[in-house]
Amino acid sequence: MLIDAGENNQGTAVAEYLESQNVQELDYVIGTHSDSDHIGGLDVVIAEYPCDKVIMPGIASDTKTYGDVLLALEDKGLTMTEPVVGDTYALGKASFTVIAPNRDYGDDTNNWSAGIILTYGKNRFLFTGDAEETAEKDIVSNGIDISADVYKAAHHGSKTGSSDALLDAVQPVYSVISCGEDNEYGHPNAQTLNSFRSRGIKVFR
């Protein structure tokens with residue numbers, strides 16, 4: 001399974017990494033939401049790899065980046081599968097359940113992020129894309145257990161995500177923050193890092 005594929009100029013790098021890991025095909029490709037830093041490279045990956053199921057939120061975007069992904073799907077004869085909260089999929093010996101998006105968030109692409117909780121044996125991993133506090137409240141209250149060992153920090157460690165309510169429900173041992181070094185947004189935010197530190201969460205970034 002591949003979740004997101006970086007900016008438009010990163011598709012080849014992602015595809016080459018998959019090749020270096022001896023990945024032959026992808027059972028699932030998840031484009032969490034339509035922002036270019038998440039789906040920019042997906043068109044290249046979809047073009048180069050057999051993909052069984054492509055899961056993306058059902059909110060359309062008029063950007064060229066989004067259009068390129070749709071064209072790649074069309075060229076491969078694939079249709080987009082919308083994430084439905086509560087749906088569970090098998091992934092080898094693991095399985096994952098969709099936890100977001102829980103409702104219509106208008107034109108707020110971050111809160112539309114597809115989120116999943118993945119279980120492999122006794123270990124659980126939470127992925128929430130760029131979900132912000134509004135979406136996190138809905139994730140916490142939708143009735144699905146989101147406790148996890150590993151939490152992929154929302155929105156690159158921005159202060160708009162990783163709310164206390166979410167962290168209380170997840171209680172992760174580890175958090176992984178994906179962000180560019182010296183990025184222009186100041187990710188990860190000091191407030192988020194302090195929150196992790198105060199909870200004893202070990203951070204990888």
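Every value quoted in this text rests on a predicted model; they were computed, and no experiment measured them.

Among the residues making up helix 1 (residues 11-20), those that are buried are Gly11, Val14, Ala15 and Leu18. For helix 1, the angular spread of buried residues about the axis comes to 100 degrees, placing them on one side. Buried residues along helix 1 sit in contact with strand 1 (2-3), strand 2 (26-30) and helix 3 (42-48). Asn22 occupies a position one or two residues after helix 1 and carries a positive phi of about 60 degrees.

Attention now moves to the packing of aromatic side chains. One pass over the full model with this rule turns up six aromatic pairs. Geometrically, the ring pair formed by Tyr28 and Phe96 is edge-to-face, given 4.9 Å between the ring centres and 90 degrees between the ring planes. Taken together, the residues Tyr28 in strand 2 and Phe96 in strand 6 (residues 94-100) connect sequence positions 68 residues apart. Residue Tyr28 shares its accessibility class with Phe96, and that shared class is buried. Pairing Tyr151 with Phe196 gives two aromatic rings, centres 6.3 Å apart and planes at 90 degrees, and the pair type is edge-to-face. Here Tyr151 is found in strand 9 (residues 150-152), whereas its partner Phe196 is found in helix 7 (residues 190-198), with 45 residues between them in sequence. Note on Tyr151: relative accessible area 0%, which makes it buried.

Inspection of every chain in the model, using the stated rule, returns five salt bridges. For Asp68, the salt bridge is made with Lys64, and the minimal N-O distance between the two is 3.1 Å. Placement of the pair is Asp68 and Lys64 together in helix 4 (residues 64-75), with a separation of four residues, close to one helical turn. Looking at Lys64, the relative accessible area reads 64%, which means it is exposed. Residues Asp145 and Arg124 are paired through a salt bridge, measuring 3.7 Å at the closest nitrogen-oxygen approach. Linking Asp145 in the loop between helix 5 (133-141) and strand 9 with Arg124 in strand 8 (residues 123-127), this pair joins segments that are 21 residues apart in sequence.

Calculation rules
Residues numbered from 1 in each chain as written. Predicted model: local features only at pLDDT ≥ 70, side-chain atom pairs only at ≥ 80, totals over all residues. Heavy atoms only, no water. Buried < 20%, exposed > 50% of the residue type's maximum accessible area, 1.4 Å probe, protein only. Helix = DSSP H or I, 4+ residues; strand = E, 2+ residues; numbered from the N terminus. Arc of directions from axis to C-beta. Contact = heavy atoms within 4.5 Å. Phe/Tyr/Trp six-rings, centres within 6.5 Å; stacked < 30°, edge-to-face > 60°. Salt bridge = Lys/Arg side-chain N within 4 Å of Asp/Glu carboxyl O.

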